[in-house]
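Here's the letter readout for the chains.
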Amino acid sequence: MPLYVIDKPITLHILTQLRDKNTDQINFRKNLVRLGRILGYEIANTLDYDIVEIETPLGYKTKGINISDLNNIVIINILRASIPLVEGLLKAFPAARQGVVAASRVEINGKEAPKEMDVTIYYKKIPTIRPKIDNVIIADPMIATASTMLKVLDEIVNKDPKRIYIVSVISSEYGVTRILSKYPSVYFFTVTIDPELNNKGYILPGLGDAGDRAFG
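As a starting point, this report considers the structure included with it. Keep in mind it's a predicted model, so treat the numbers as computed, not measured.

**Side note on empty space enclosed by the protein**
In this approach, a probe sized like a water molecule rolls over the atoms, and the result shows the empty space that is left. Counted according to the given criterion, the structure contains 1 cavity of 30 Å³ or more. The calculated volume of the largest cavity comes to roughly 40 Å³. In terms of lining, the largest cavity is formed by V101, I121, K124, I126, K151, V152 and E155. Contributing elements (two or more residues each) for the lining of the largest cavity: β6 (119–125) and α4 (147–157). Along the lines of polarity and charge, the residues of the lining of the largest cavity split into 4 nonpolar, no polar and 3 charged.

**Remarks on the packing of aromatic side chains**
Applying the stated criterion to the full structure yields 4 aromatic pairs. Summarising the aromatic geometry, the rings of Y4 and Y187 are spaced 6.3 Å apart at their centres and angled 15° between planes, so their arrangement reads as stacked. With Y4 in strand β1 (residues 3–5) and Y187 in strand β11 (residues 187–190), this residue pair connects regions lying 183 residues apart in the sequence. With a centroid separation of 6.0 Å and 50° between ring planes, the pair formed by Y165 and F189 is classed as tilted.

**Remarks on the sheet that holds strand β10 (residues 170–172)**
Read from one edge to the other, the open sheet built from 3 strands follows the order β8-β10-β12, with strand pairing classed as parallel. In this open sheet, the two strands that pair with only one neighbour each are β8 (142–143) and β12 (192–194). Across the sheet, helix α5 (residues 173–182) is in contact with β8, β10 and β12; its angle to β10 comes to roughly 75°.

Criteria and cut-off values
Residues numbered from 1 in each chain as written. Predicted model: local features only at pLDDT ≥ 70, side-chain atom pairs only at ≥ 80, totals over all residues. Heavy atoms only, no water. 1 Å grid on protein atoms, 1.4 Å probe; cavity = no way out; pocket = protein on both sides within 12 Å on 5 of 7 lines; lining within 4 Å. Points joined across faces, edges and corners; volume = space filled by probe spheres on them. Helix = DSSP H or I, 4+ residues; strand = E, 2+ residues; numbered from the N terminus. Nonpolar A, V, L, I, M, F, W, Y, C, P; charged D, E, K, R; others polar. Phe/Tyr/Trp six-rings, centres within 6.5 Å; stacked < 30°, edge-to-face > 60°. Pairing = 2+ DSSP bridges. Contact = heavy atoms within 4.5 Å. Axes fitted to C-alpha atoms, helices over the stretch in contact; angles between N-to-C directions.

Have a look at this one:
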C-alpha cells in the first residue's frame, strides 16, 4: 500500500505550529507553503528518472540523474484551503500544469462521526491529462471523511494518468482507509494521521478549519 507518512522532525515542527491555536493567519499560510515544498520533494523521489552522462567544467565525464517526469506533472488544487499548499508544491515542480476544483461540503451536526458527507463541486477546470504520461497530484491539506477527495479521484482515475498522488497535511485514519480501499494504487502522502472525527466531520486533534485559518 503506497502510503507515505512524512513524519520527520522538520515536518512535525511545522505541523506543531499549524496545530497551535495561537498561530496567526500569515504564519499559518507560510507553514502550509513550507510543507507543500517538502512534500513535493518527497514526491519527486518516487518519480521515474534516467541515468545520464555529463561533462563537468574540468573536462571530466560523470554519471548523474535526470528526473524526466518533472516535466510531466499536473497539480489539482482543491479550493480554497490548498492554495498555500500548492504554492509550496510549485516550488518543487515549477513546470507543473495546474487545475482547480472548487468544492464545498454540506456541514452537519450529528450524534456521531459521519461516514460520508455531501459534497458540491461548483467549479472545475482541469488541463489535459496525457494517459500513461502525466503524474497527477491532488492537494487538500485536510482529509477527514475523504468524501471530497473521492469525488475528485473518481474523475481523475478515468483519465488514466501514469500515477496519482494525494498530498495532505493531516488525514484521518478513516479517510486514509476509505481512499486506499477503493484506489489501492494511489500514492498517498501526508504528514500525520489523526485517529478521530467529531460529529461535524472535523479531524481530531486536527487544526481546525484550514481554509478559515489561512484566509479568514
